[in-house]
Amino acid sequence: MKIIRTAMDFLNGGRVALKTKNSFGNVLARGKQRIELNNGIISFEERVFLYPEVRISVNGTLENKAQLKIGQGTNIGDRTEIHVGKKVVIGKECAISWDVCILDRDYHEFNGQGEIKDEIIIGDKVWIGCRSTILKGVTIGNGAVIAAGSIVTKDVSANCCVGGNPAKVIKENITWK
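Everything numeric in this text was worked out from a predicted model, so none of it was measured.

**So, the overall build of the protein chain**
When helices and strands are tallied, the protein chain shows 1 helix and 21 strands. Scored against the burial criterion, the 177 residues of the protein chain give a buried share of 44%. Restricting to contacts in the protein chain with at least 6 residues of sequence separation, those with at least 24 account for 31%.

**Comments concerning unusual backbone geometry**
Residues N165 and P166 are joined by a peptide bond in cis, for which omega reads -5°. Phi at E93 is positive, roughly 60°, even though this residue is not glycine.

**Observations concerning the pairing of strand 11 (residues 87–90)**
Covered by surrounding structure in strand 11 are V88 and I90 only, the residues K87 and V89 on the alternate face being uncovered. Both strand 8 (residues 66–70) and strand 11 contribute to a ladder of 4 bridges, which runs parallel. Directly across from Q67, in strand 11, lies its bridge partner K87. As judged from the 3 bridges shared by strand 11 and strand 14 (residues 120–122), these two strands associate in the parallel manner. Across the sheet, the residue bridging to I90 is I122, located in strand 14.

**Quick word on the pattern of salt bridges**
One pass over the structure, following the stated rule, counts 9 salt bridges. Here D99 and R79 are joined by a salt bridge, their closest N and O atoms 2.8 Å apart. Taken as a pair, D99 in the loop between strand 12 (95–96) and strand 13 (101–103) and R79 in the loop between strand 9 (75–76) and strand 10 (81–84) lie far apart in primary sequence, 20 residues in all. A residue is classified by how much of its surface remains accessible, and D99, at 22% relative accessible area, is partly exposed. The class for R79 is partly exposed, based on a relative accessible area of 37%. Of the charged contacts, one joins R131 and D99 as a salt bridge, the two residues approaching to 3.6 Å between their closest N and O atoms. Here R131 is found in the loop between strand 15 (127–128) and strand 16 (133–134), whereas its partner D99 is found in the loop between strand 12 and strand 13, with 32 residues between them in sequence.

**Considerations on the confidence of the model for the protein chain**
Taken as a whole, the protein chain shows an average pLDDT of 86; of its residues, 85% reach a score of 70 or greater. Here residues 1–22 is modelled with pLDDT under 50, and outside its nearest four sequence neighbours on either side it reaches 48 contacts, counting other chains as well.

**As for the pairing of strand 5 (residues 40–44)**
Covered by surrounding structure in strand 5 are G40, I42 and F44 only, the residues I41 and S43 on the alternate face being uncovered. Bridge count between strand 5 and strand 8: 5 bridges; the pairing is parallel. Paired with I41 across the bridge in strand 8 is Q67.

**So, the environment of I146**
Inspection of the secondary structure puts I146 in strand 18 (residues 145–146). Residue I146 is classed as buried on the basis of its relative accessible area of 1%. It is 9.5 Å that separates the C-alpha atoms of I146 and V169, two residues lying 23 residues apart in sequence. Contact partners of I146, with chain neighbours within four places excluded, come to W127, I128, G129, S132, I140, V152, V156 and V162.

Conventions and cut-offs
- Residues numbered from 1 in each chain as written.
- Predicted model: local features only at pLDDT ≥ 70, side-chain atom pairs only at ≥ 80, totals over all residues.
- Heavy atoms only, no water.
- Helix = DSSP H or I, 4+ residues; strand = E, 2+ residues; numbered from the N terminus.
- Buried < 20%, exposed > 50% of the residue type's maximum accessible area, 1.4 Å probe, protein only.
- Contact = heavy atoms within 4.5 Å.
- Pairing = 2+ DSSP bridges.
- Salt bridge = Lys/Arg side-chain N within 4 Å of Asp/Glu carboxyl O.
- pLDDT = per-residue confidence, 0-100.

Pasting the structure below:
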């Protein structure tokens, strides 16, 4: 795997403004980050904040480039991991807590069939609680809240709070600040 060394230099505590195929926008990072890129594209919009030890792994194929897009004003907590094999889109103004895992792939085959990868779409102003896991094929609507420790295996409606393993609706028509 190829590690983006120039991005790593900037992500070790500073703002990033790179002009390459992979856009790192205006990222503020605290502590060290680990970004792995192999046959993929990473795009950060303005004012993305990465807390210490965030791991981002974007690994596609020559035929199908993996894509990660993180929206403006999104914060990603300590030790959170984002693994992309196909496509992950995280909206604007999201609050992703510490130790969250977001992965759009299985990393293995089932019954001799190839690895399954299915995109994840996280809407705007979504709050994901600590130690939650977001699995492949999930869409999370705008303004949703994922309770701490949840395992999200199915779509979450906008302005809905879910929690548990697997995550189930706790409350609807919510707002958060």
